[in-house]
Amino acid sequence: MLQEEAEDGILTKKVRKVAIVISTGSYMREAPTTVLRLAEKLLERDIEVNIWAFEEAVTLTNREQVEHSEPPSLRKVIGDKHAYVGKFIDQLLRAGLHTSKLDWVTCILCAQERGVEHHQMNGVIVGTLGDLWKFVRSADQVIAIPAYR
Amino acid sequence: MARYLIVASRDMTEYSNGPSLSDLSENLRTEGADVFFFLIENGVLSARKDSREAIRLSELSGPGIRVMADDVSCRARGIDRLHPGIALSSMDELADAISEGFGNIYWY
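Not measured: the values here are computed from a predicted model.

Criteria and thresholds
Residues numbered from 1 in each chain as written. Chains lettered and ligands numbered in written order. Predicted model: local features only at pLDDT ≥ 70, side-chain atom pairs only at ≥ 80, totals over all residues. Heavy atoms only, no water. Disulfide = S-S within 2.5 Å. Pairing = 2+ DSSP bridges. Helix = DSSP H or I, 4+ residues; strand = E, 2+ residues; numbered from the N terminus. Axes fitted to C-alpha atoms, helices over the stretch in contact; angles between N-to-C directions. Contact = heavy atoms within 4.5 Å.

Colleague: Tell me about the state of the cysteines, residues and numbers included.
Modeller: Under the criterion given, the structure shown has 0 disulfides over all chains. Here Cys107 of chain A stays free of any disulfide, with the sulfur of Cys110 of chain A as its closest cysteine sulfur at 3.2 Å.

So, in structure tokens, the structure goes:
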């Protein structure tokens, strides 16, 4: 939980664990990119990050995602290949082997509804609302990314 | 002192409740809270020089309220001129604010 530590005689609160809840899927909005950018920075600060993905966000970790070629007219501007978000999640999960821990849980019901339950990438946990409750209860900070349409 | 982190990721003029973020920040400061107002994604449209919401945010910026705009989001939208009082910031500053214990986080 949130701890107070003395630094030069001043008590400051130190965050050790952050839970992030996201429901936005690939190519819908910028929220997944923002969450990944934020998670990376938190992990760099030795903060444990727990991400709970539900609704369309369960497709972010679909291991069947592949890069595709960009149109020739755009290649000089944005490169040859169009990256997919799962690639960056995979990198963050692997980084957690050597830095602070990142847990990524996808909602089992949402994954089943979308046919991606058995297509989750390595390192991702298919979980339940019980995992969300544990994330929230153990977190110093909870960030809920709103889904708006 | 209560510390609030408000993250605006939507264009504050797109939805009718957008401007309420500014009102919320002002009321929190009146109550003695410390507010860190961070614009990201389409939220940075409200940092653009002379935009209506930027003028309002600029008026709020000062003791008790810091208003910041994410650099990556600004660059992605070609925004290189921010309204005075709104500082160009980065994901590092947002992560610092979270890690320093802004106990109340509201993500819009």
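Colleague: Would you mind going over the sheet that holds strand S2 (residues 34–39) of chain B in detail, with residue names and values included?
Modeller: All names here are of chain B. Read across the sheet, 5 strands follow the order S4-S3-S2-S1-S5 without closing on themselves; strand pairing throughout is parallel. Only two strands of the sheet have a single neighbouring strand rather than two, namely strand S4 (87–89) and strand S5 (104–107). Shown here is a sheet whose adjacent strand axes are inclined to one another by a mean of 25 degrees, direction ignored. Bridge analysis of strand S1 (residues 3–8) against S2 gives 6 bridges, and the strand direction is parallel. Of the residues in S2, the one forming a bridge with Arg3 is Asp34. Together, S1, S2, strand S3 (65–70) and S5 form the strand contacts of helix H1 (residues 20–30), whose direction differs from that of S1 by roughly 170 degrees.

Colleague: Can you explain the sheet that holds strand S8 (residues 124–127) of chain A? Please cite residues and give values.
Modeller: Sheet strands line up and pair through hydrogen bonds in the backbone, either parallel or antiparallel. Residue and element names in this part refer to chain A. Reading across from one edge, S8-S7-S4-S3-S9 is the order of the 5 strands in this open sheet, with parallel pairing throughout. Edge positions in the open sheet fall to S8 and strand S9 (141–144), since each of these has one partner strand only. This sheet shows a mean twist of 20 degrees between the axes of neighbouring strands, independent of strand direction. Sheet analysis places strand S4 (residues 48–53) next to strand S7 (residues 102–107), joined by 5 bridges and oriented parallel. Considered in S7, the bridge of Ile51 is made with Trp104. Together, strand S3 (17–22), S4, S7, S8 and S9 form the strand contacts of helix H5 (residues 129–138), whose direction differs from that of S4 by roughly 145 degrees.

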